[in-house]
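# Structure assessment
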Amino acid sequence: MVRLVRRAVRTPRESVALAMCVAVLAGAGAAGCAGAREPARPAAPTAQVTAQVTAQVTAQVTAMSEAAHSVVRIRGYASSCRKPLEATGFVYAPERVMVNAHTVAGVDRDLEVVLGDGRRFAARVVAFDPEADAAVLRVPGLTARPLRLTETSITSAVVVGYRKGATVPVELPARVRPDQTAESYDIYGRVRVSLRIHRFHGAAITPGMSGAPLVADGDRVAGMVFAVDTDKADVGYALTTAQFRAVATAGRRATSAVPHDPCD
């Protein structure tokens, strides 16, 4: 079991710090993001396994164009901490967008969803779970096709997300390790929680990409990016769909705004 303490993952041999600010607030620096050391690596995969994974990823990238239309930019402003927000989210149900809770915590002004074609839609937070680090936005008028949540085991996926300042999403192939349990705290560092996470390699996660989905087989979401290894630019961490399934269910029909203060 991995021990994840907000910004640090601990294993019996060494610890790995995670940058929880990949969401993050546009214009924010790297303050609070610790450095990282990667644990001892397992044996390198055989050439045959590598070839199989490469073939799977290539096929997924070819099918990504449709899924990318369901991945959106999230923008807003948190008055209490005087920070603008820039993050990624994805449509999982009609007029509903899944995001990380830490990206919308404290956002009280100008919360909106922006599509790749530039269209903007006002949004409100209708489900918010600081322990699961997941939240749901209701976006009236949003017609983007929902992606499907899946708990099927995967070894490869494509991370689809918006880098800070970008107006179109990037599609980054990644190798995905089996999901595992991590012991952590909620987004405020107050309550101990257990998280189900994926560790993935090969996709360079940058600010703005928190909330990006791990997409497999064209339109299935197997996870949601929430952190990155600060020493390894191409190593990231995603919450499994099992981790945020309850939040997704609660937000599917919710219409009223819920509290989501303070800033994390």
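Residues numbered from 1 in each chain as written. Predicted model: local features only at pLDDT ≥ 70, side-chain atom pairs only at ≥ 80, totals over all residues. Heavy atoms only, no water.

### Observations regarding the overall build of the chain
Along its length, the chain carries four helices and 18 strands. The burial tally for the chain puts 53% of its 264 residues in the buried class. Across the chain, the fraction of contacts at a sequence separation of at least 24, relative to all contacts at a separation of at least 6, is 67%. When the accessible area of the chain is evaluated, it comes to approximately 11,400 Å², of which 52% is carbon and sulfur surface. (Helix = DSSP H or I, 4+ residues; strand = E, 2+ residues; numbered from the N terminus. Buried < 20%, exposed > 50% of the residue type's maximum accessible area, 1.4 Å probe, protein only. Contact = heavy atoms within 4.5 Å. Areas by Shrake-Rupley, 256 points an atom, 1.4 Å probe, with all protein chains shown as cover.)

### A short note on the sheet that holds strand 6 (residues 96-99)
If you walk across this open sheet you meet the seven strands as 8-7-4-5-6-10-9, and the pairing is antiparallel. In this open sheet, the two strands that pair with only one neighbour each are strand 8 (120-122) and strand 9 (124-129). Pairs of neighbouring strands in the sheet enclose a mean axial angle of 30 degrees, with direction left out of account. Direction of pairing for strand 6 relative to strand 10 (residues 134-138): antiparallel, over a ladder of four bridges. Following the sheet pairing, R96 is matched in strand 10 by R138. (Pairing = 2+ DSSP bridges. Axes fitted to C-alpha atoms, helices over the stretch in contact; angles between N-to-C directions.)

### Observations regarding the state of the cysteines
Taken as a whole, this structure holds one disulfide when the rule is applied. A sulfur-sulfur separation of 2.3 Å characterises the disulfide bridge that pairs C81 with C263. Between C81 and C263 the sulfur-sulfur dihedral comes to about -75 degrees; the bridge is accordingly left-handed. Note that C81 is positioned in the loop between strand 4 (71-78) and strand 5 (83-93) and C263 in the segment after helix 4 (241-253), a separation of 182 residues in sequence. A relative accessible area of 16% means that C263 is categorised as buried. (Disulfide = S-S within 2.5 Å.)

### Section: the packing of aromatic side chains
Enumeration over the complete set of coordinates arrives at one aromatic pair. Geometrically, the ring pair formed by F90 and F244 is edge-to-face, given 6.4 Å between the ring centres and 65 degrees between the ring planes. Of the two residues, F90 is situated in strand 5 and F244 in helix 4; the sequence distance between them amounts to 154 residues. Both residues of the pair, F90 and F244, count as buried. For R190, the ring lying beneath its charged end belongs to Y188, and the centroid distance is 4.8 Å. (Phe/Tyr/Trp six-rings, centres within 6.5 Å; stacked < 30°, edge-to-face > 60°. Lys NZ or Arg CZ within 6 Å of the ring centre and 35° of its normal.)

### Points about the nonpolar core
Formed by 33 residues in total, the largest nonpolar core has its most connected members in F90, Y92, M98 and F244. If one sorts the elements of this core by residue count, strand 17 (residues 220-229) sits on top with four residues. If we skip the residues at most four places from it in the chain, M98 touches G89, F90, Y92, A134, A135, V136, M224, F244 and A248. Listed in part, the 27 residues of the second largest apolar core include V104, A105, L137 and C263. (Core = buried A, V, L, I, M, F, W, Y, C linked by side-chain atoms within 4.5 Å.)

### Observations concerning the pattern of salt bridges
As enumerated under the stated definition, the model contains eight salt bridges in all. One salt bridge in this structure joins R145 and D219, with 3.5 Å as the shortest N-O distance. Here R145, found in the loop between strand 10 and strand 11 (148-149), pairs with D219, found in the loop between strand 16 (213-216) and strand 17; they are 74 residues apart in sequence, far enough to count as distant. Given a relative accessible area of 16%, D219 falls into the buried group. Among the ionic pairs, E183 bridges to R192, the shortest N-O distance being 3.2 Å. For R192, a relative accessible area of 44% gives the class partly exposed. (Salt bridge = Lys/Arg side-chain N within 4 Å of Asp/Glu carboxyl O.)

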